[in-house]
Amino acid sequence: MAIIQCTLQGKFLEALEYGQKALACLGFELSEVDLEEKLEAYQKKIQEKIGDRATDQLIHEPDLNTLEKEAREKGTSIKILNNLFVPAYVSQKGDLYFVIALIIVDISLEFGMVAESGFGFSSYGMFLGNLRGNYQSGYEFGLLAQALAKRFDQGHDLCKAAYILGNNLLPWVQPFRDSEAIFNQGLAAGLASGELVFAGQILMYKPLNPFYAGDNLFEIQKTLPQHLEFGTKTLNYQLALDVMNGLSIWLADITDCPDESVLAEQQYIDICEANSSTYAICHYWILKAKVLCLYGDYEASLQAAQSAEDIIDAIIGKYQVAALNFYQSIAVVEHCRRHGLAPDSR
(Lines give C-alpha, C1' and ligand atoms only; values in the text may rest on other atoms or scores of the structure.)
Protein backbone atom coordinates (compact mmCIF):
# COMPACT_ATOMS: atom_id res chain seq x y z
CA MET A 1 0.00 0.00 0.00
CA ALA A 2 2.86 2.43 0.80
CA ILE A 3 4.34 1.85 -2.67
CA ILE A 4 1.02 2.65 -4.38
CA GLN A 5 0.35 5.69 -2.18
CA CYS A 6 3.79 7.15 -2.89
CA THR A 7 3.28 6.55 -6.62
CA LEU A 8 -0.07 8.36 -6.65
CA GLN A 9 1.54 11.29 -4.84
CA GLY A 10 4.46 11.49 -7.26
CA LYS A 11 7.02 10.28 -4.68
CA PHE A 12 8.55 7.80 -7.07
CA LEU A 13 12.00 7.32 -5.53
CA GLU A 14 10.40 6.77 -2.14
CA ALA A 15 8.10 4.16 -3.71
CA LEU A 16 11.13 2.33 -5.07
CA GLU A 17 12.77 2.34 -1.65
CA TYR A 18 9.66 0.82 -0.06
CA GLY A 19 9.61 -1.85 -2.76
CA GLN A 20 13.25 -2.76 -2.31
CA LYS A 21 12.71 -3.07 1.47
CA ALA A 22 9.65 -5.29 0.95
CA LEU A 23 11.56 -7.56 -1.42
CA ALA A 24 14.46 -7.76 1.03
CA CYS A 25 12.04 -9.16 3.62
CA LEU A 26 11.48 -12.04 1.17
CA GLY A 27 15.21 -12.57 0.75
CA PHE A 28 15.25 -10.92 -2.68
CA GLU A 29 17.65 -8.09 -3.52
CA LEU A 30 16.66 -5.62 -6.24
CA SER A 31 19.96 -3.85 -6.79
CA GLU A 32 20.72 -1.16 -9.36
CA VAL A 33 24.27 -2.43 -9.83
CA ASP A 34 25.38 -3.97 -13.17
CA LEU A 35 21.92 -3.63 -14.73
CA GLU A 36 23.08 -4.13 -18.33
CA GLU A 37 24.79 -7.38 -17.41
CA LYS A 38 21.68 -8.53 -15.59
CA LEU A 39 19.54 -7.79 -18.65
CA GLU A 40 21.74 -9.93 -20.86
CA ALA A 41 21.83 -12.77 -18.32
CA TYR A 42 18.07 -12.82 -17.79
CA GLN A 43 17.39 -12.57 -21.54
CA LYS A 44 19.55 -15.63 -22.15
CA LYS A 45 17.69 -17.60 -19.46
CA ILE A 46 14.31 -16.54 -20.84
CA GLN A 47 15.18 -17.54 -24.39
CA GLU A 48 16.31 -20.95 -23.16
CA LYS A 49 13.08 -21.47 -21.21
CA ILE A 50 10.82 -20.42 -24.08
CA GLY A 51 12.73 -22.45 -26.65
CA ASP A 52 10.88 -22.82 -29.94
CA ARG A 53 7.41 -22.31 -28.49
CA ALA A 54 5.12 -19.65 -29.98
CA THR A 55 4.34 -16.76 -27.64
CA ASP A 56 0.63 -17.57 -27.39
CA GLN A 57 1.47 -21.09 -26.15
CA LEU A 58 2.85 -19.64 -22.91
CA ILE A 59 -0.69 -18.97 -21.71
CA HIS A 60 -0.85 -22.68 -20.77
CA GLU A 61 1.97 -22.49 -18.21
CA PRO A 62 0.92 -23.78 -14.73
CA ASP A 63 -0.89 -21.59 -12.20
CA LEU A 64 1.77 -20.74 -9.64
CA ASN A 65 -0.83 -20.49 -6.87
CA THR A 66 -1.60 -24.22 -7.14
CA LEU A 67 2.02 -25.26 -6.57
CA GLU A 68 4.11 -25.79 -3.44
CA LYS A 69 4.90 -23.09 -0.87
CA GLU A 70 8.27 -22.10 -2.40
CA ALA A 71 6.60 -21.30 -5.71
CA ARG A 72 3.79 -19.36 -4.04
CA GLU A 73 6.34 -17.16 -2.26
CA LYS A 74 7.73 -16.27 -5.69
CA GLY A 75 4.25 -15.04 -6.55
CA THR A 76 4.46 -12.53 -3.70
CA SER A 77 7.72 -11.20 -5.14
CA ILE A 78 6.05 -10.78 -8.54
CA LYS A 79 3.24 -8.77 -6.96
CA ILE A 80 5.70 -6.40 -5.26
CA LEU A 81 7.77 -6.05 -8.43
CA ASN A 82 4.60 -5.12 -10.34
CA ASN A 83 4.13 -2.06 -8.17
CA LEU A 84 7.64 -0.83 -8.97
CA PHE A 85 7.17 -0.51 -12.72
CA VAL A 86 5.68 2.99 -12.67
CA PRO A 87 8.15 4.47 -10.13
CA ALA A 88 11.10 3.01 -12.08
CA TYR A 89 9.75 4.21 -15.43
CA VAL A 90 8.83 7.73 -14.39
CA SER A 91 12.15 8.11 -12.54
CA GLN A 92 13.93 7.47 -15.89
CA LYS A 93 15.43 4.24 -14.61
CA GLY A 94 14.93 2.40 -17.89
CA ASP A 95 17.38 -0.43 -17.28
CA LEU A 96 15.90 -1.05 -13.83
CA TYR A 97 12.41 -1.10 -15.36
CA PHE A 98 13.43 -3.77 -17.85
CA VAL A 99 15.33 -5.79 -15.23
CA ILE A 100 12.11 -5.88 -13.18
CA ALA A 101 10.25 -7.10 -16.27
CA LEU A 102 12.75 -9.82 -17.09
CA ILE A 103 12.86 -11.02 -13.48
CA ILE A 104 9.07 -11.46 -13.52
CA VAL A 105 9.17 -13.31 -16.84
CA ASP A 106 11.99 -15.55 -15.62
CA ILE A 107 10.18 -16.43 -12.38
CA SER A 108 6.91 -17.05 -14.24
CA LEU A 109 8.49 -19.38 -16.77
CA GLU A 110 10.30 -21.33 -14.05
CA PHE A 111 7.64 -21.58 -11.33
CA GLY A 112 4.33 -20.76 -13.03
CA MET A 113 2.02 -17.87 -13.82
CA VAL A 114 0.08 -15.50 -11.61
CA ALA A 115 -2.21 -12.73 -12.79
CA GLU A 116 0.55 -10.19 -12.15
CA SER A 117 2.90 -12.04 -14.51
CA GLY A 118 1.15 -10.23 -17.35
CA PHE A 119 2.76 -6.86 -16.65
CA GLY A 120 6.14 -8.54 -16.76
CA PHE A 121 5.39 -10.04 -20.17
CA SER A 122 4.02 -6.80 -21.64
CA SER A 123 7.06 -4.89 -20.37
CA TYR A 124 9.24 -7.66 -21.75
CA GLY A 125 7.55 -6.85 -25.06
CA MET A 126 8.76 -3.27 -24.66
CA PHE A 127 12.26 -4.59 -24.03
CA LEU A 128 12.15 -6.64 -27.25
CA GLY A 129 10.92 -3.67 -29.26
CA ASN A 130 12.84 -0.80 -27.74
CA LEU A 131 16.18 -2.51 -27.06
CA ARG A 132 16.12 -5.37 -29.59
CA GLY A 133 14.16 -3.82 -32.47
CA ASN A 134 11.72 -6.76 -32.57
CA TYR A 135 8.45 -4.84 -32.38
CA GLN A 136 6.24 -7.65 -33.71
CA SER A 137 7.39 -10.06 -30.98
CA GLY A 138 6.94 -7.28 -28.46
CA TYR A 139 3.34 -6.83 -29.61
CA GLU A 140 2.73 -10.58 -29.28
CA PHE A 141 3.91 -10.53 -25.67
CA GLY A 142 1.50 -7.65 -25.06
CA LEU A 143 -1.32 -9.85 -26.35
CA LEU A 144 -0.11 -12.63 -24.02
CA ALA A 145 -0.33 -10.24 -21.06
CA GLN A 146 -3.89 -9.35 -22.00
CA ALA A 147 -4.78 -13.05 -22.29
CA LEU A 148 -3.23 -13.79 -18.87
CA ALA A 149 -5.34 -11.07 -17.24
CA LYS A 150 -8.45 -12.62 -18.74
CA ARG A 151 -7.36 -16.14 -17.76
CA PHE A 152 -7.09 -15.10 -14.10
CA ASP A 153 -10.12 -12.77 -14.37
CA GLN A 154 -8.30 -9.86 -12.78
CA GLY A 155 -9.51 -6.40 -13.79
CA HIS A 156 -6.53 -4.51 -12.40
CA ASP A 157 -4.15 -6.63 -14.44
CA LEU A 158 -6.30 -6.23 -17.54
CA CYS A 159 -6.06 -2.46 -17.03
CA LYS A 160 -2.25 -2.63 -16.89
CA ALA A 161 -2.06 -4.93 -19.91
CA ALA A 162 -4.35 -2.63 -21.90
CA TYR A 163 -2.22 0.41 -21.12
CA ILE A 164 1.06 -1.15 -22.24
CA LEU A 165 -0.47 -2.89 -25.25
CA GLY A 166 -2.41 0.12 -26.50
CA ASN A 167 0.23 2.73 -25.89
CA ASN A 168 3.68 1.12 -26.00
CA LEU A 169 3.32 -1.94 -28.24
CA LEU A 170 0.42 -1.70 -30.70
CA PRO A 171 1.30 1.69 -32.27
CA TRP A 172 4.58 0.27 -33.63
CA VAL A 173 2.92 -2.50 -35.67
CA GLN A 174 -0.82 -1.75 -36.00
CA PRO A 175 -3.00 1.25 -36.96
CA PHE A 176 -2.78 3.85 -34.23
CA ARG A 177 -6.53 4.25 -33.68
CA ASP A 178 -6.90 0.53 -32.87
CA SER A 179 -5.71 1.41 -29.36
CA GLU A 180 -8.95 3.24 -28.54
CA ALA A 181 -11.01 0.07 -27.97
CA ILE A 182 -8.18 -1.43 -25.89
CA PHE A 183 -8.01 1.70 -23.73
CA ASN A 184 -11.78 1.74 -23.18
CA GLN A 185 -11.72 -1.87 -22.02
CA GLY A 186 -8.70 -1.27 -19.81
CA LEU A 187 -10.08 1.91 -18.22
CA ALA A 188 -13.38 0.20 -17.39
CA ALA A 189 -11.54 -2.77 -15.89
CA GLY A 190 -9.26 -0.50 -13.88
CA LEU A 191 -12.09 1.55 -12.40
CA ALA A 192 -14.11 -1.56 -11.56
CA SER A 193 -11.13 -3.16 -9.80
CA GLY A 194 -9.77 -0.06 -8.06
CA GLU A 195 -6.58 0.12 -10.17
CA LEU A 196 -6.17 3.89 -9.89
CA VAL A 197 -2.59 4.29 -11.11
CA PHE A 198 -3.05 2.62 -14.49
CA ALA A 199 -6.57 3.93 -14.93
CA GLY A 200 -4.88 7.33 -14.63
CA GLN A 201 -2.18 6.31 -17.09
CA ILE A 202 -4.86 5.40 -19.64
CA LEU A 203 -6.88 8.53 -18.85
CA MET A 204 -4.06 10.89 -19.80
CA TYR A 205 -3.87 9.33 -23.27
CA LYS A 206 -7.61 9.59 -23.91
CA PRO A 207 -7.16 13.22 -25.08
CA LEU A 208 -3.47 12.97 -25.99
CA ASN A 209 -3.76 10.18 -28.56
CA PRO A 210 -6.53 11.90 -30.58
CA PHE A 211 -4.32 15.00 -30.68
CA TYR A 212 -1.52 13.04 -32.35
CA ALA A 213 -3.99 11.14 -34.52
CA GLY A 214 -5.23 14.39 -36.09
CA ASP A 215 -8.74 14.39 -34.63
CA ASN A 216 -10.84 17.53 -34.31
CA LEU A 217 -9.00 19.86 -31.93
CA PHE A 218 -12.12 21.64 -30.76
CA GLU A 219 -13.68 18.31 -29.76
CA ILE A 220 -10.54 17.34 -27.85
CA GLN A 221 -10.52 20.73 -26.13
CA LYS A 222 -14.22 20.39 -25.30
CA THR A 223 -13.81 17.03 -23.55
CA LEU A 224 -10.48 17.76 -21.83
CA PRO A 225 -12.04 19.47 -18.77
CA GLN A 226 -14.09 16.32 -18.15
CA HIS A 227 -10.92 14.23 -18.17
CA LEU A 228 -9.20 16.68 -15.82
CA GLU A 229 -12.15 16.67 -13.41
CA PHE A 230 -12.27 12.88 -13.44
CA GLY A 231 -8.54 12.68 -12.84
CA THR A 232 -8.83 15.07 -9.91
CA LYS A 233 -11.95 13.83 -8.14
CA THR A 234 -11.97 10.11 -8.91
CA LEU A 235 -8.33 9.11 -9.42
CA ASN A 236 -6.37 11.86 -7.64
CA TYR A 237 -3.37 10.93 -9.78
CA GLN A 238 -1.06 13.92 -10.15
CA LEU A 239 1.00 12.68 -13.10
CA ALA A 240 -2.08 12.29 -15.31
CA LEU A 241 -3.20 15.80 -14.42
CA ASP A 242 0.23 17.24 -15.22
CA VAL A 243 0.28 15.62 -18.68
CA MET A 244 -3.23 16.78 -19.54
CA ASN A 245 -2.58 20.31 -18.28
CA GLY A 246 0.38 20.48 -20.66
CA LEU A 247 -1.87 19.48 -23.55
CA SER A 248 -4.41 22.14 -22.56
CA ILE A 249 -1.78 24.86 -23.06
CA TRP A 250 -1.23 23.95 -26.70
CA LEU A 251 -4.88 23.29 -27.43
CA ALA A 252 -5.68 26.82 -26.25
CA ASP A 253 -2.85 28.18 -28.41
CA ILE A 254 -3.82 26.34 -31.59
CA THR A 255 -7.55 26.99 -31.34
CA ASP A 256 -6.97 30.59 -30.25
CA CYS A 257 -9.40 30.05 -27.39
CA PRO A 258 -7.83 31.59 -24.29
CA ASP A 259 -8.87 30.06 -20.97
CA GLU A 260 -8.08 31.53 -17.56
CA SER A 261 -7.56 28.02 -16.18
CA VAL A 262 -4.73 27.32 -18.64
CA LEU A 263 -1.30 27.77 -17.10
CA ALA A 264 1.54 29.88 -18.48
CA GLU A 265 4.50 27.82 -19.65
CA GLN A 266 6.93 28.65 -16.84
CA GLN A 267 4.22 28.23 -14.23
CA TYR A 268 3.42 24.82 -15.70
CA ILE A 269 7.08 23.73 -15.75
CA ASP A 270 7.56 24.86 -12.15
CA ILE A 271 4.54 22.85 -10.99
CA CYS A 272 5.71 19.75 -12.84
CA GLU A 273 9.20 20.03 -11.40
CA ALA A 274 7.71 20.36 -7.90
CA ASN A 275 5.70 17.21 -8.61
CA SER A 276 8.74 15.33 -10.00
CA SER A 277 6.78 15.04 -13.27
CA THR A 278 9.68 14.86 -15.73
CA TYR A 279 7.43 12.51 -17.70
CA ALA A 280 4.87 15.29 -18.16
CA ILE A 281 7.53 17.89 -18.99
CA CYS A 282 8.93 15.65 -21.74
CA HIS A 283 5.45 15.27 -23.23
CA TYR A 284 5.04 19.05 -23.09
CA TRP A 285 8.27 19.77 -24.98
CA ILE A 286 7.33 17.25 -27.69
CA LEU A 287 3.91 18.88 -28.06
CA LYS A 288 5.60 22.27 -28.32
CA ALA A 289 8.08 21.01 -30.93
CA LYS A 290 5.20 19.59 -32.99
CA VAL A 291 3.01 22.68 -32.82
CA LEU A 292 5.81 25.18 -33.52
CA CYS A 293 6.96 23.06 -36.45
CA LEU A 294 3.43 23.23 -37.87
CA TYR A 295 3.51 27.01 -37.33
CA GLY A 296 6.75 27.19 -39.31
CA ASP A 297 8.72 28.47 -36.31
CA TYR A 298 11.51 25.96 -36.86
CA GLU A 299 14.12 27.59 -34.64
CA ALA A 300 11.86 27.52 -31.59
CA SER A 301 10.71 24.03 -32.53
CA LEU A 302 14.32 22.84 -32.49
CA GLN A 303 14.85 24.33 -29.04
CA ALA A 304 11.78 22.54 -27.70
CA ALA A 305 12.85 19.31 -29.38
CA GLN A 306 16.28 19.54 -27.75
CA SER A 307 14.65 20.07 -24.35
CA ALA A 308 12.60 16.92 -24.94
CA GLU A 309 15.60 14.96 -26.19
CA ASP A 310 17.52 15.81 -23.02
CA ILE A 311 14.93 13.91 -20.93
CA ILE A 312 13.63 11.44 -23.53
CA ASP A 313 14.34 8.48 -21.25
CA ALA A 314 11.30 9.61 -19.27
CA ILE A 315 9.02 8.21 -22.00
CA ILE A 316 11.04 5.25 -23.24
CA GLY A 317 9.19 2.96 -25.66
CA LYS A 318 6.36 5.37 -26.51
CA TYR A 319 5.29 6.45 -29.98
CA GLN A 320 5.94 10.07 -29.00
CA VAL A 321 9.65 9.27 -29.35
CA ALA A 322 9.01 8.68 -33.07
CA ALA A 323 6.86 11.83 -33.24
CA LEU A 324 9.71 13.85 -31.78
CA ASN A 325 12.13 12.42 -34.33
CA PHE A 326 9.72 13.25 -37.15
CA TYR A 327 9.10 16.90 -36.24
CA GLN A 328 12.69 17.48 -35.17
CA SER A 329 13.87 16.19 -38.55
CA ILE A 330 11.55 18.56 -40.39
CA ALA A 331 12.78 21.46 -38.29
CA VAL A 332 16.42 20.54 -38.89
CA VAL A 333 15.91 20.34 -42.67
CA GLU A 334 14.13 23.70 -42.76
CA HIS A 335 16.75 25.28 -40.51
CA CYS A 336 19.51 24.07 -42.83
CA ARG A 337 17.62 25.13 -45.96
CA ARG A 338 17.10 28.65 -44.64
CA HIS A 339 20.72 29.03 -43.57
CA GLY A 340 22.31 27.30 -46.55
CA LEU A 341 23.73 24.48 -44.42
CA ALA A 342 24.11 20.76 -45.02
CA PRO A 343 21.84 18.81 -42.62
CA ASP A 344 24.78 17.19 -40.81
CA SER A 345 26.51 20.54 -40.11
CA ARG A 346 23.94 21.67 -37.57
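Because the structure is predicted, anything quoted here is derived from the model rather than measured. (Residues numbered from 1 in each chain as written. Predicted model: local features only at pLDDT ≥ 70, side-chain atom pairs only at ≥ 80, totals over all residues. Heavy atoms only, no water.)

**Student:** Explain the overall build of the protein chain here, please?
**Tutor:** Across its full length, the protein chain holds 17 helices and zero strands. Against the compact-globule benchmark of 20 Å for 346 residues, the protein chain has a radius of gyration of 21 Å, which places it among compact chains. Seen along its three principal axes, the alpha-carbon backbone of the protein chain occupies a region of about 65 × 50 × 35 Å. Within the protein chain, the proportion of its 346 residues that are buried is 54%. Looking at charge distribution, the protein chain has the averaged site of its 26 positive side-chain charges lying 4 Å from that of its 44 negative ones. (Helix = DSSP H or I, 4+ residues; strand = E, 2+ residues; numbered from the N terminus. Rg over C-alpha atoms; globule rule 2.2 N^0.38 Å. Buried < 20%, exposed > 50% of the residue type's maximum accessible area, 1.4 Å probe, protein only. Lys, Arg positive; Asp, Glu negative; His and termini not counted. Charge placed at Lys NZ, Arg CZ, Asp CG, Glu CD.)

**Student:** In this structure, what is going on with the side chain of Asn168? I would like to understand it.
**Tutor:** Looking at the element boundaries, Asn168 is found in helix 9 (residues 155–169). Among the polar contacts listed, one links the side chain of Asn168 to the side chain of Asn167, at a separation of 3.3 Å. With residues up to four places along the chain from it excluded, the contact list for Asn168 reads Tyr89, Met126, Tyr163, Ile316, Gly317 and Lys318. (Polar contact = N/O pair within 3.5 Å; in protein donor to acceptor, adjacent residues only side chain to side chain. Contact = heavy atoms within 4.5 Å.)

**Student:** Just checking my understanding: could you explain the nonpolar core for this structure?
**Tutor:** Soluble globular proteins: nonpolar side chains tend toward being buried together. Core analysis: the biggest nonpolar cluster contains 112 residues, and Tyr97, Ile100, Phe121, Met204, Tyr237 and Tyr279 have the highest contact counts within it. When sequence neighbours within four positions are dropped, the list of residues in contact with Tyr97 reads Phe85, Ala88, Tyr89, Phe119, Ser123, Met126 and Ile164. Listed in part, the seven residues of the second largest apolar core include Cys293, Tyr327, Ala331 and Cys336. (Core = buried A, V, L, I, M, F, W, Y, C linked by side-chain atoms within 4.5 Å.)

**Student:** Teacher, can you tell me more about unusual backbone geometry here?
**Tutor:** Glycine aside, residues mostly have negative phi, and peptide bonds are mostly found in the trans state. With a phi close to 60 degrees, Gln92 is a non-glycine residue in the positive phi region. Examined against the element boundaries, Gln92 turns out to sit in the loop between helix 5 (85–90) and helix 6 (94–111).

**Student:** Help me understand the packing of aromatic side chains in this model?
**Tutor:** Pairs of aromatic rings are described using the distance from one ring centre to the other and the angle between the two planes. By the definition in use, this model includes 20 aromatic pairs. Between the aromatic rings of Tyr284 and Trp285, the centroid separation amounts to 5.4 Å while the plane-to-plane angle is 65 degrees, which identifies the pairing as edge-to-face. Residue Tyr284 shares its accessibility class with Trp285, and that shared class is buried. (Phe/Tyr/Trp six-rings, centres within 6.5 Å; stacked < 30°, edge-to-face > 60°.)

**Student:** Could you clarify how one ought to interpret the side chain of Thr255 in this entry?
**Tutor:** Checked against the element boundaries, Thr255 lands in helix 13 (residues 238–255). For Thr255, a relative accessible area of 9% translates into the label buried. Of note is the side chain of Thr255, whose polar atom sits 2.6 Å from the backbone oxygen of Leu251.

**Student:** What exactly am I supposed to notice about helix 17 (residues 319–339) here?
**Tutor:** Across its 21 residues, helix 17 extends 31 Å between first and last C-alpha, which sits within 8% of the 30 Å expected from 1.5 Å per residue. Taken as a whole, helix 17 has its buried residues at Tyr319, Gln320, Ala323, Leu324, Tyr327, Gln328, Ala331, Val332, Glu334, His335 and Cys336. Packed against the buried residues of helix 17 are helix 9, helix 11 (196–213), helix 15 (278–295) and helix 16 (298–310). Phi for Gly340, located one or two positions after helix 17, is positive at around 65 degrees. (Expected span 1.5 Å × (residues − 1).)

**Student:** Would you mind showing me how to read the environment of Ile330 here?
**Tutor:** Here Ile330 is to be found in helix 17. A relative accessible area of 31% places Ile330 in the partly exposed class. When the C-alpha atoms of Ile330 and Leu302 are compared, they prove to be 9.4 Å apart, with 28 residues separating the residues in sequence. With residues up to four places along the chain from it excluded, the contact list for Ile330 reads Cys293 and Tyr298.

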